[in-house]
Amino acid sequence: MNMELSRRTFLKTSGAGLAGTTLGAFGFSEAEAAVAAAVKPFHLVNTTEARNTCTYCSVACGIIIYSKGDLKKGEKADIVHIEGDADHPTNRGTLCPKGSALRDIVKSQTRLTQPMLRKAGSDTFEAVSWDVALDKIARAMKDDRDANFVATNADGVTVNRWLTTGFLAASATTNETAFATYKVVRSTGILAFDNQARV
């Protein structure tokens, strides 16, 4: 067999072979196996990725929430990791210390997971359903609006104002949600309306 082999190719090939056999003779192949055995498996394997907005300040940074558990099989989703969203235009993947600790806050034993109500004269809170809590809020708002709604001003001009109640909207919402919130609140006559993103 006639093979064209330059001196440079010969030296490269023989040098690589010599280096490989030398490393094997020194026992580096076992070290590589030990390192490979000690490497932990990637903890985000088989997780579901969901994009969301950080619940803290008005910056509204983008986050990615990773959870394990197949909801289609009836399993409960468990959050295993939260990180900044590199594709989000606000934070470009970075998070402040509070945002970085979101997973710990979600899993905190002291975190409220249901509405709590302290009845008049009581010194303790008791858990109530969301239906009870929302009905109580709606009833209080309706009673206050009925008692304090201003339909016309002193000159008889229609103003439709409700001045005794204010509304502070959350910053961790999309523009569309914020717009819908603004329209609903203004339609009730509330003038004292603000958003946490501006505050």
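The shown structure was predicted, so the numbers you read here are calculated from the model rather than taken from an experiment.

Asker: Summarise the confidence of the model for the protein chain; cite the residues concerned and give the values.
Answerer: Reading predicted coordinates in detail is not appropriate for stretches of low pLDDT. Summing up the model confidence of the protein chain, the mean pLDDT is 84 and the portion of residues at 70 or higher is 88%. Here helix H2 (residues 28–38) is the element of the protein chain with the lowest mean pLDDT, 66, and helix H5 (residues 130–148) is the one with the highest, 95.

Asker: Please provide a residue-by-residue account of a nonpolar patch on the surface, values included.
Answerer: On the surface, Trp-130, Leu-134, Ile-137 and Met-141 cluster together into a nonpolar patch covering about 420 Å² of accessible area. Secondary-structure assignment places Met-141 in helix H5. Look at Met-141 and you get partly exposed, because its relative accessible area is 32%.

Asker: I'd like a rundown of the pattern of salt bridges, residues and numbers included.
Answerer: The final tally for this structure, using the stated rule, is 8 salt bridges. We note a salt bridge from Asp-87 to Arg-51, for which the minimum N-O separation is 3.6 Å. In this pair, Asp-87 is assigned in the loop between strand E3 (78–84) and helix H3 (97–100) and Arg-51 in strand E1 (residues 48–53), connecting sequence segments 36 residues apart. Taking the shortest distance from any N to any O, the salt bridge between Glu-126 and Lys-119 comes out at 3.5 Å. With relative accessibility at 36%, the residue Glu-126 sits in the partly exposed group. Note on Lys-119: relative accessible area 48%, which makes it partly exposed.

Asker: Describe the environment of Ser-58, naming the residues involved and giving the relevant values.
Answerer: Turning to its location among the elements, Ser-58 is positioned in the loop between E1 and strand E2 (62–68). Sequence spacing of Ser-58 and Ala-172 is 114 residues, and the spatial spacing of their C-alpha atoms is 7.1 Å.

Asker: Any chance you could break down the side chain of Asp-85 for me, citing the residues and the numbers?
Answerer: One can find Asp-85 in the loop between E3 and H3. With relative accessibility at 5%, the residue Asp-85 sits in the buried group. Discounting residues that sit within four places of it in the chain, Asp-85 has contacts with Arg-51, Gly-62, Ile-63, Ile-64, Asn-91, Arg-92 and Gly-93.

Asker: Now, about the sheet that holds E3: what can you tell me, with residues and values included?
Answerer: Read from one edge of the open sheet, 3 strands run E1-E2-E3, paired in antiparallel fashion. What marks the edges here is a single partner per strand, and that holds for E1 and E3. Neighbour-to-neighbour, the strand axes of the sheet open up by a mean angle of 30°, direction not taken into account. Sheet topology note: the E2/E3 ladder contains 6 bridges and is antiparallel.

Asker: Go over the nonpolar core with me, naming the residues and quoting the values.
Answerer: Listed in full, the 6 residues of the largest apolar core are Cys-54, Cys-61, Ile-63, Ile-65, Ile-82 and Leu-102. In this structure, Cys-54 is in contact with Cys-61, Ile-63, Gly-99, Leu-102 and Ala-172, ignoring residues within four places of it in sequence. Core analysis: the next-biggest nonpolar cluster, separate from the first, contains 5 residues, Trp-162, Ala-169, Ile-190 and Phe-193 among them.

Asker: Outline the packing of aromatic side chains, supporting the account with residue identities and numerical values.
Answerer: Within the structure shown, the criterion is met by 2 aromatic pairs. An angle of 20° between the planes, with centres 5.9 Å apart, marks the rings of Phe-167 and Phe-193 as stacked. Of this pair, Phe-167 sits in strand E7 (residues 158–169) while Phe-193 sits in strand E8 (residues 190–195), and the two are 26 residues apart along the sequence. Note on Phe-193: relative accessible area 17%, which makes it buried.

Asker: Describe unusual backbone geometry, naming the residues involved and giving the relevant values.
Answerer: What is expected of a backbone is that most residues other than glycine have negative phi and most peptide bonds are trans. The backbone of Arg-92 sits at a positive phi, close to 50°, despite the residue not being glycine. Tracing the sequence through the fold places Arg-92 in the loop between E3 and H3. Judged by relative accessible area, which is 59%, Arg-92 ranks as exposed. Unusually for a residue other than glycine, Asn-160 sits at a positive phi of about 50°. Topologically, Asn-160 is positioned in strand E7. For Asn-160, a relative accessible area of 39% translates into the label partly exposed.

What counts, and where the lines are drawn
- Residues numbered from 1 in each chain as written.
- Predicted model: local features only at pLDDT ≥ 70, side-chain atom pairs only at ≥ 80, totals over all residues.
- Heavy atoms only, no water.
- pLDDT = per-residue confidence, 0-100.
- Helix = DSSP H or I, 4+ residues; strand = E, 2+ residues; numbered from the N terminus.
- Patch = residues over 30% accessible without salt bridge, like charges linked within 9 Å, V, L, I, M, F, W, Y side chains within 5 Å.
- Areas by Shrake-Rupley, 256 points an atom, 1.4 Å probe, with all protein chains shown as cover.
- Salt bridge = Lys/Arg side-chain N within 4 Å of Asp/Glu carboxyl O.
- Buried < 20%, exposed > 50% of the residue type's maximum accessible area, 1.4 Å probe, protein only.
- Contact = heavy atoms within 4.5 Å.
- Pairing = 2+ DSSP bridges.
- Axes fitted to C-alpha atoms, helices over the stretch in contact; angles between N-to-C directions.
- Core = buried A, V, L, I, M, F, W, Y, C linked by side-chain atoms within 4.5 Å.
- Phe/Tyr/Trp six-rings, centres within 6.5 Å; stacked < 30°, edge-to-face > 60°.

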